[in-house]
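Structural description and commentary
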Amino acid sequence: MTATDVKLKTYLNYINGEWSASETEETGTSYNPANKDEIVGFYQLSSSNDFDQAATSARAAQKEWQKLSGNVKGDYFLKAASILEERIDDVATTMTKEMGKTFPEAKGETARGVAILRYYAGEGMRSNGDVIPSSDSGALMFTSRAPVGVVGIVTPWNFPVAIPLWKMAPALIYGNTVVIKPASETAITCAKVIECLHDAGIPSGVVNMVTGKGSVIGQDIVEHPEINGISFTGSNAVGKQLAHTAVSRGIKYQLEMGGKNPVIVANDANLDLAVEATISGGLKSTGQKCTATSRVIVQNDVYDKFKEKLLKKVEEITVGDGLEEGTWMGPLVSEKQLNTVLDYIEIGKEEGAKLLFGGNKPSSSNAAIGHYVEPTVFEDVSPNMRIAREEIFGPVLALMKVDTLEEALNMANDSEYGLSASIFTTKISNMLSFMEDMDAGMVRINAESAGVELQAPFGGMKQSSSHSREQGRAAMEFYTNTKTVFVKG
Ligand SMILES: NC(=O)C1=CN([C@@H]2O[C@H](COP(=O)(O)OP(=O)(O)OC[C@H]3O[C@@H](n4cnc5c(N)ncnc54)[C@H](OP(=O)(O)O)[C@@H]3O)[C@@H](O)[C@H]2O)C=CC1
Ligand SMILES: O=C(O)CCC(=O)C(=O)O
């Protein structure tokens, strides 16, 4: 569809169980990054008043929702999961159209969303405390968990189904109600996820979605007096800004932010495996994952062979519209992201890194209509270069050569980030020292740096997160407060 097509759908806010337009009567436009003239639809550019209504309705619904038993809450998730599964092609198509990742990747992510709902449906039936022997033999002492209350959720565009769900589902199952503000680029995909919860019959006010500018609604979400906790994924700058306000209000916060994830390729590595994983980890989703591989630290003896194999595979990558069969890598999400990536490529060249492959917008005529960039590989990258230190969030790999594994590990740790890290090696002693000495929340051996499992804790060290963990049972720590109960007859 084009800008002149009047049948495009306008998506509404979801407040107190109803779809409603913003009082501003203004909408934002969601464009397809594969074809920047194509409009996907419109979303509400909401006001602080709209947000206030959402927060108030979440507050009003919270106590009653909390009182429902875990299996009753979980039943809503099971219904929503089945609905999302039925709509998987539509949701995945919308995701590809809004943010560019290929349709198979978008479908995989939507299936992950279904699995997240099913996993947390069961969470309501699992234990949530410990019995602790009291020093008083006539007393019973145990811990239980209380919800935080109303949780604000701010999500990015790179995982528009999985991230909203891996934040909302645990928040809800532990008895909180939520207001979500999705990234503007992928507001429509999020609206389609919320539709599944609505159609599953989730009670009014339990889930609310307000779309609009981050600087307005994102700020409201942390400042509003009804909000008791905030979970955020996105840039370090915005995350820290939200954290400052959260601290000044004394509310809980959880941040997942950047990464500069290394992969180490040891002399004894299976090189074919290492090449596959470097490409998949670094270039899938066009490198727009906080877990994406960006620094490739290779030992001297295998450097040339690894480089040759890597370049051969990178040359085969097909760049194009993610909805077209045969496309391996889609466009970047937006013109802003494209400019950021192209700027970093220039910075890399100016800093003296050697460009081995890519570095430009593809030359085909189709590429001119989208935010495309070639997969890009640099070598002779030194640890002080900005392309080795700063998150690029694009398909750019920096090759770095080392003599010893000790040097590799030091280089891998020489970063302000610590989200994910991989090593490719066949030697147990190398694996053990990597597990022990790598400062990252996700330490992966003979596996790519990206790709998280929904049942395991996820989060980073250093500047990558607020030192909390999401997903799996670890989510309980953020979305609940511990109560220590002492009972004496
Ligand atoms: N860790 C990760 O997974 C992600 C990391 N990033 C990193 O951040 C860079 C910039 O991406 P960008 O999308 O601009 O990231 P942002 O941090 O700006 O966006 C993430 C979310 O925060 C919202 N937001 C923006 N400004 C504010 C604000 N002042 N107060 C509260 N919320 C706000 C956004 O809303 P809106 O969309 O309306 O602006 C969006 O919902 C990327 O290049 C990448 O390096 C980005 C996305 C995900
Ligand atoms: O690697 C993944 O599957 C998740 C990555 C992620 O959470 C992110 O990029 O924000």
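Reading guide: rules and limits
Residues numbered from 1 in each chain as written. Chains lettered and ligands numbered in written order. Predicted model: local features only at pLDDT ≥ 70, side-chain atom pairs only at ≥ 80, totals over all residues. Heavy atoms only, no water. UniProt positions renumbered as here; feature names shortened; annotations may be inferred. Helix = DSSP H or I, 4+ residues; strand = E, 2+ residues; numbered from the N terminus. Rg over C-alpha atoms; globule rule 2.2 N^0.38 Å. Buried < 20%, exposed > 50% of the residue type's maximum accessible area, 1.4 Å probe, protein only. Contact = heavy atoms within 4.5 Å. Areas by Shrake-Rupley, 256 points an atom, 1.4 Å probe, with all protein chains shown as cover. Lys, Arg positive; Asp, Glu negative; His and termini not counted. Charge placed at Lys NZ, Arg CZ, Asp CG, Glu CD. Near = heavy atom within 4 Å. Polar contact = N/O pair within 3.5 Å; in protein donor to acceptor, adjacent residues only side chain to side chain. Nonpolar A, V, L, I, M, F, W, Y, C, P; charged D, E, K, R; others polar. Domains from an automatic or database assignment. Buried area = accessible area lost by both parts, 1.4 Å probe.

Taking an unreviewed UniProt entry as the reference, the protein is identified by name as Aldehyde dehydrogenase YcbD belonging to Lentibacillus populi. Under the UniProt heading Sequence similarities (unreviewed entry), the note attached to the protein is "Belongs to the aldehyde dehydrogenase family."

Turning to the overall build of the protein, a few remarks are in order. Scanning the protein from terminus to terminus reveals 15 helices and 20 strands. Since a compact globule built from 489 residues should have a radius of gyration of about 23 Å, the 23 Å found for the protein is in line with a globular shape. The C-alpha extent of the protein, read off along each of the three principal axes, is 70 × 70 × 40 Å. The 489 residues of the protein split such that 58% are buried. By sequence separation, contacts in the protein at least 24 residues apart represent 73% of the contacts at least 6 residues apart. For the protein, the accessible surface area stands at approximately 19400 Å², while carbon and sulfur atoms represent 50% of it. Looking at the protein, you have 46 positive and 61 negative side-chain charges, and the mean spots of the two groups are 4 Å apart.

Contacts to ligand 1 come from 30 residues, most closely from Trp157, Ser184, Ser235, Met257 and Lys336. Asn158 is positioned such that a nitrogen or oxygen atom in its side chain is 3.2 Å from an oxygen atom of ligand 1. For ligand 1, an oxygen atom lies 2.7 Å from a polar atom in the side chain of Glu391. Of all the secondary structure elements, the ones that give two or more residues to the shell around ligand 1 are helix 7 (214–223), strand 9 (229–233), helix 8 (236–249) and helix 11 (335–350). For the shell around ligand 1, the element with the most residues is helix 7, which contributes four residues. Of the residues contributing to the shell around ligand 1, the split by class is eleven nonpolar, 13 polar and six charged.

Turning our eyes to something else, we now look at the domain arrangement of the protein. Domain annotation for the protein reports domain 1 (4–257 + 465–488) and domain 2 (261–453). The straight-line distance from the C-alpha centre of domain 1 to that of domain 2 is 31 Å. Counting from both sides, the interface comprises 25 residues of domain 1 and, opposite them, 27 residues of domain 2. Where domain 1 abuts domain 2, roughly 2100 Å² becomes buried across the two surfaces, and 58% of that area is made up of carbon and sulfur atoms. Considering only the side of domain 1, the residues that lose the most area to domain 2 are Ala34, Lys36 and Trp157, jointly responsible for 24% of the buried surface there. Between the two partners, domain 1 and domain 2, sit seven residue pairs in polar contact (both at pLDDT 80 or more). Broken down by secondary-structure element, the contributors of at least two residues to the side of domain 1 that touches domain 2 are strand 4 (35–44), helix 3 (88–99) and helix 4 (103–123). Looking at side-chain class alone, the side of domain 1 that touches domain 2 contains eight nonpolar, eight polar and nine charged residues.

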